[in-house]
Amino acid sequence: MFSFDLLLDVVVAGILVGGFYAAVSLGITVAFGLLDVVNIAHPAFVILGAYGAYVANSRFGLDPILAGLLGMPVFFLLGALVYRVYYTSFEKRGDESLRGLVFFFGITFIIEVSLLLQYGVDYRSVEAAYVGETIALGPIDLPFRLAIPCAVALALTVTLHLFLSRTFYGRAVKAVSQDHLALRLMGASPVRIKALAFAIAIATASIAGALLIMIGPVEPSVGREYIGRVFAIAVLGGMGSIGGTLAASLILGVLESLTSTFYGPSWALAVSFGILLLVLAVRPAGLFGR
Amino acid sequence: MVRHRRPGIRTRIIVMALIATFALWGATAPAALAAGPIKIGFGMALTGALAGNGKAALIAMQMWAEDVNKKGGLLGRKVELVYYDDQTKPATVPGIYTKLLDVDKVDLVVSGYGTNVIAPAMPIVIERKLAFIGLFGMAVNEKFNYPYYFGIMPTGPEPLTDWSKGFFEVAMKQSPKPKTVAIAAADSEFAQNAAAGARQNAKKYGLRVVYDKAYPPPTADFTPIVRAIQATNPDLVYVASYPPDSAGMVRAAHEIGLKPRMFGGGMVGLQYASLEKALGPMLNGIVNYHFFVPEPTLKFAGIDAFLKTYQERAKTAGVDALGYYLPPYAYAYLQILGQAVEGTKSLDQKKIGEYIRGHEFDTVAGKVKFAPNGEWAKTRVLMVQYTNIEGNDLKSFEGPGHRVIVYPEEWKSGAVVYPYEKAKR
Amino acid sequence: MSGRALLAVAVALVAVAVGLTRVLENQYYYFAAYVILQYVVLATAWNILGGYTGYVNFGSAAFFAMGAYTAAVLIKAFGAPLPLLVVGAGLVAGLLGLGIGYLTLRLRGAFFSIATLALAVVLQTLIVNWRYVGGARGIYTIRPAQVPFFANYVELLFVVMVLLALGALATAWWIEHSWVGRGLMAIRDNEEAAECMGVPTLKLKLLATTVSGALMGVAGAPFPYYLTYMEPTSAFNLDYAINSLAMPMIGGTTTWVGPLVGAVLLGTAQQVATVTISSALNLLIVGVVVVAFVILAPEGIVGLVRRKLGKARA
């Protein structure tokens, strides 16, 4: 059944969710797009962030977004540590293709199963005053549950973009992806810069996780749906481009929303993966790629 | 770079020896001891998707074993439960049941929880001609037609339509009569079966189906689905879903302001204490199925004592705190097995099977009699309406008055409040 | 060992397996052995693409499930006998491998791996929506009542799996010792250099993906009979993906012996764990062991043994 109101609602919901997808994909854009580290464990870190927010919320009554922010330094350190292991074990030896992938797959697994053992398969969610309310703007309904994460995600995206383009370290990160030697000549250590960038990428997972659990209930295997989504977005957006990531996220969000409502939710998940396969086959550089 | 020499002969020998040692170690898994207690074997979901219910069921089953042993056991011998975790994975079932029967040498077997783990065990029990009671399997025996399979689930002889019959019958008794229905079902075995039954019932009562879609179980966001349903303006909304989706549906319906005349039907999970607590007053007005509620019309023999003991244990075990859904039936299926063993004074599978076929049993889940196809002779799927739920704590749900039984007639404990909007308050 | 000697060993093993079915009544061991042998096939298949060629496949479950569902369809539509199921499953899964390879192998290895992840999800969605195989409701496959030569169907499944495992190992052995294997390893070590030296990299990669996929499908062919009730979640289970990757990594990826070692060790350990300790924990252990091996002992057990022997000799 088709009506203009319904279509509008669906598109708006898609945009809001798409904004959130950007928050999740930023980490991949940095790690994979700029650093060439195929971190398929990123969604698992997001889930870890979600559970972190859950614990902070249920045990201490903290607002989830606050919990996400507080978790960022912890995740930053975690990311730096993971990168160290990755670098010494694989990147230095030039072995990163096979073993690096397996390493991250193993990490995904360990995170997922540990959460499973600790918290079980039950879905967890957070309680916050504004979740469940909806605000009406003219003909459009904006559920806070989606609008607030979208707003936070946009803020995160803008912040990251400013960091990469305006600060010394940010530009160093961009440089390291293009030319190691020039960077050394400028006096910065490529390995330290890469570790910094990767740590930042994992830190974003903390916030992304908090947003995720605000949008809907979470259980350990939810991360798997996001693996395809984030890589589809990273590839579609053109690796390494923050603006591209945002655009791709919005597109994916709207497409998923339309498919889900008009064709049935069974197909929504296949949309992101289908896009991924299509883009890889047709235009691997993505929309904004270099 | 690694050198790619082929491993020499010595390497191969050592490696083969390692393999052999491991294989032997695996093969000498603990073998069973003979005679003594009567051993009842089964697989149960202690981890995996259905672990919450599986663990609750196990508590009930252990309670049964203790109660029986306190009274002297079965046929003068103690009973012992031998079980393994099937991880809610069908692939483990053949191995588990053959281990139980061939290595542990159990005397009797019962099933795990759910169709997915009952069905793979069927060929084994059929081949060895065992009496087999299944816990909450949906129409498992339709394909096998095995005379000694008995299903513990109050659905009745026609499980597909019995599930939703109550919902539609109650709806059709209201005025103005509803004309349209929306059906939303999870893309998994039980929900699709329930949806198929709902469609048949809709046809029977002349309702027009205006929305009929399935969604994949890992859906997290139900607002698109509810929006699409809302757009078709249905009188009735029948949902067949599993616990996480049921919660998602209720929340989404609340957020969007879904306004059918009756909402609910086949949502699994609304019966769990944890979900009831989480959803709280959002449940008011929903008419959903249930198998047991603490209403005064359902005072079965021994159920109060059972619930009291169960609730004590559930506190520390981290399982469903109230135990109104699966546990009474897990206790009951062992009760039936035990009564059959005592009734035939033997462990002969055929005699036990025939006994179960021909008798009515008194259990904590009420009187149970089986139809020829192994399902219950009479359906007892209850339709309850949630009312008077004030807050998000267990107190709001304890005791009678919160889940009014509106169907079937013989167990009714109150009238349905219709339409849904009126009942929401 | 020469090819002839290995062939003799293989024939002897088959004879032993058949002889065993005459003697050993206990069905449990056949079920357990079936699962372990199934993993031997999966691990060996994975390694052809992963260990020999250097392309990581995260979607083993997709190929396995395609094989299983192809078999289920053949049984339902034609009542086809087991050999035909194996051939059919292999063909379909092989074509799937060819297809996914064609789409992504011209790009970097990382993209291939991500595509395999995507593949599993897309396929599962398709199967779940396909009414003919029961969709989410699953499909029942009743075992034939009459079993030729063996006491019951389980023994037949066991022997079939022994044959399939030996076939997979033979395939891996042949590839390793032929020009195909040398080409694949050249690709693994440095694809650009191989290309420059005239190795037909794309063709070889496609061959490896097809063979690997086909073998995984073959492993899935008897699955409907093994389980009798099959539904998408069990066929597409993550276990298959993680195990078919962990077993070669633990056993050793450079030769055909590695996956065999890994499959037997890890498979047996998991079977024992299922009937003893908590089973969710055993998955965690697998993950930790894989990461440990990939960091500390990238050549697997075979590599470790080799090094020990090398040291002893020196």
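Residues numbered from 1 in each chain as written. Chains lettered and ligands numbered in written order. Predicted model: local features only at pLDDT ≥ 70, side-chain atom pairs only at ≥ 80, totals over all residues.

**Examining the overall build of chain C**
For clarity, the cut-off: For the purposes of this entry, the term helix denotes a DSSP run of H or I that reaches at least four residues, the term strand denotes a run of E that reaches at least two, and both are numbered from the N terminus. C-alpha atoms define the radius of gyration, and 2.2 Å times the number of residues to the power 0.38 defines the globule rule. Put plainly, a residue is buried at 20 or more neighbouring C-beta atoms within 10 Å of its own, exposed at 12 or fewer, and partly exposed in between, counting only other residues' C-beta atoms, which are placed from the backbone. Whether two residues are in contact is decided by their C-beta atoms, placed from the backbone, lying within 7 Å.
Per the secondary structure count, chain C includes 15 helices and 2 strands. Over its C-alpha atoms chain C spans a radius of gyration of 19 Å, differing by no more than 12% from the 20 Å that the globule rule assigns to 314 residues. The 314 residues of chain C split such that 62% are buried. Summarising the internal contacts of chain C: among those between residues at least 6 apart in sequence, 79% fall at separations of at least 24.

**Quick word on unusual backbone geometry**
All names here are of chain B. At the junction of S175 and P176, the peptide bond is cis and its omega measures out at 5 degrees in the coordinates. The topology assignment puts P176 in the loop between α7 (159-172) and β6 (180-186). Here the amide bond leading from Y407 into P408 is cis, since omega sits at -5 degrees, within 30 degrees of zero. Mapped onto the elements of the fold, P408 is located in the loop between β14 (403-407) and α15 (420-424). Positive phi outside glycine occurs at K105, with the angle close to 55 degrees. Tracing the backbone through its elements, the reader meets K105 in the loop between α3 (93-103) and β3 (108-109).

**Let's talk about helix α2 (residues 27-50) of chain C**
Basically, it comes down to this: For a helix, the expected span equals 1.5 Å multiplied by the residue count minus one.
Compared with the 34 Å implied by 1.5 Å per residue over 24 residues, the 34 Å span of α2 of chain C between its first and last C-alpha is a close match. For α2 of chain C, the tally of buried residues reaches 24 of 24 residues, placing the bulk of the element in the interior.

**Let's talk about the environment of K89 of chain B**
Take K89 of chain B: it is sitting in the loop between β2 (79-85) and α3. For K89 of chain B, a count of 22 C-beta atoms within 10 Å gives the class buried. In the structure, K89 of chain B is positioned 42 residues away from T47 of chain B in sequence and 9.4 Å away in space, judged by C-alpha atoms. Leave out the neighbours within four places in its chain, and K89 of chain B touches G48 of chain B together with S234 and N237 of chain C.

**Points about the domain arrangement of chain B**
Residues and elements named next belong to chain B. Spelled out, the test is: For the domain bounds, the source is a domain assignment made automatically or taken from a database. Only Asp, Glu, Lys and Arg are considered charged, only Ala, Val, Leu, Ile, Met, Phe, Trp, Tyr, Cys and Pro nonpolar, and every remaining residue, Gly among them, polar.
Assigned domains within chain B: domain 1 (38-157 + 304-369) and domain 2 (159-298 + 381-424). For domain 1 versus domain 2, the distance between C-alpha centres works out to 29 Å. Each side of the interface is counted separately: domain 1 has 14 residues, and domain 2 has 18 residues. When grouped by side-chain class, the residues that make up the side of domain 1 that touches domain 2 number 10 nonpolar, 3 polar and 1 charged.

**A word on the sheet that holds strand β8 (residues 236-241) of chain B**
What holds strands together in a sheet is hydrogen bonding between their backbones, with the strands either parallel or antiparallel. Residues and elements named next belong to chain B. What counts here: One requirement defines pairing of two strands: DSSP has to find at least two bridges between them. Lines fitted to the C-alpha atoms define the axes, with helices restricted to the stretch that makes contact. Angles between their N-to-C directions range from 0 to 180 degrees.
With mixed pairing, the 7 strands of this open sheet are ordered in space as β7-β6-β8-β9-β10-β13-β14. Two strands bound the open sheet, and with one partner strand each, they are β7 (208-215) and β14. Averaged over neighbouring strand pairs, the angle between their axes works out to 25 degrees when direction is ignored. Strands in contact with α7 are β8, β9 (262-267), β10 (287-290), β13 (382-386) and β14; relative to β9, the strand with the most contacts, it is inclined by about 170 degrees. The strands touched by helix α8 (residues 189-204) within the sheet are β6, β7, β8 and β9, with β6 carrying the most contacts at an inclination of about 165 degrees.

**Observations regarding the nonpolar core**
Considering soluble globular proteins, one finds that nonpolar side chains tend to be buried as a cluster. How we decide: Nonpolar cores are identified as sets of buried Ala, Val, Leu, Ile, Met, Phe, Trp, Tyr and Cys residues joined via C-beta atoms within 7 Å.
Residues L211 of chain A, V109 and Y333 of chain B together with V41 of chain C are the most contacted members of the largest nonpolar core, which totals 382 residues. There are two domains that each give this core at least three residues, and those are domain 1 (38-157 + 304-369) and domain 2 (159-298 + 381-424) of chain B. Setting aside residues up to four positions removed in sequence, L211 of chain A forms contacts with F20, A23, G68, P149, V152 and A153 of chain A.

**So, the sheet that holds strand β1 (residues 38-44) of chain B**
All names here are of chain B. Ordered by their spatial adjacency, 3 strands build an open sheet running β2-β1-β3, and the pairing between neighbours is parallel. At either end of the open sheet lies a strand with only one pairing partner, and these are β2 and β3. With 7 bridges joining them, β1 and β2 adopt parallel strand pairing. Within β2, the position partnered with I40 by the bridge is L81. Against the sheet, α3 makes contact with β1, β2 and β3, and its axis sits at roughly 170 degrees relative to β1, the strand it touches most.

**Topic: the packing of helix α2 (residues 42-60) of chain A against helix α8 (residues 190-215) of chain A**
All names here are of chain A. Definition in use: When describing relative orientation, an angle under 35 degrees is termed roughly parallel and one over 145 degrees roughly antiparallel, while 65 to 115 degrees is termed roughly perpendicular and anything else oblique. Left-handed describes a crossing whose near helix is turned anticlockwise from the far helix through less than a right angle; right-handed describes the clockwise counterpart.
Contact pair α2 / α8: the axes reach a minimum separation of 6 Å and the direction vectors enclose 60 degrees. Taken together, the axes of α2 and α8 lie oblique to each other. Remark: the crossing between α2 and α8 carries right-handed chirality. Counting all contacts with α2, which are made through H42, F45, V46, I47, L48, G49, A50, G52, A53 and Y54, the residues of α8 involved are I202, A205, S206, A208, G209, A210, L212 and I213.

**Brief notes about the environment of V286 of chain C**
Residues and elements named next belong to chain C. Looking at the secondary structure, you find V286 in helix α14 (residues 279-296). With 182 residues separating them along the chain, V286 and T104 place their C-alpha atoms 29 Å apart. Every residue in contact with V286, bar those within four places of it in the chain, is listed here: I242, A246 and L266.

**So, helix α12 (residues 238-251) of chain C**
All names here are of chain C. Helix length check: α12, at 14 residues, gives a terminal C-alpha distance of 20 Å against a target of 20 Å (1.5 Å per residue), a fit within 8%. The element α12 is largely enclosed, with a buried count of 12 among its 14 residues. After α12 finishes, the residue G252 shows a positive phi value of roughly 130 degrees.

**Description of the confidence of the model for chain C**
Residues and elements named next belong to chain C. Definition in use: Scored between 0 and 100, pLDDT is the confidence that the predictor attaches to each residue.
Confidence along chain C averages 86 in pLDDT terms, with 97% of residues attaining 70 or more. Highest mean pLDDT in chain C belongs to helix α9 (residues 201-220) (93); lowest belongs to α14 (79). In the model output, the complex is listed with pTM 0.82 alongside ipTM 0.79.

**So, the packing of α2 of chain C against helix α6 (residues 153-177) of chain C**
All names here are of chain C. Across the interface, α2 lies against α6 with an axial gap of 9 Å and an inter-helix angle of 20 degrees. When the interaxial angle is binned, α2 and α6 end up roughly parallel. Regarding α2 and α6, the two cross each other, and that crossing is left-handed. The residue inventory of the contact of α2 with α6, partitioned by class, reads 20 nonpolar, 4 polar and 1 charged.

**Remarks on the interface of chain A and chain C**
Chain A puts 32 residues into the contact, and the matching count from chain C is 34 residues. Considering each element in turn, the side of chain A that touches chain C owes the most residues, 15 residues, to helix α4 (residues 96-119) of chain A. Residue composition of the side of chain A that touches chain C, by class: 24 nonpolar, 7 polar and 1 charged.

**A few points about the environment of R77 of chain B**
Residue and element names in this part refer to chain B. With respect to the helices and strands, the residue R77 is situated in the loop between α2 (51-70) and β2. Residue R77 is classed as partly exposed on the basis of its 17 C-beta neighbours within 10 Å. Along the backbone, R77 and K39 are 38 residues apart, and their C-alpha atoms lie at a distance of 9.9 Å. Those residues in contact with R77 that sit more than four places away from it in its chain are P37 and I38.

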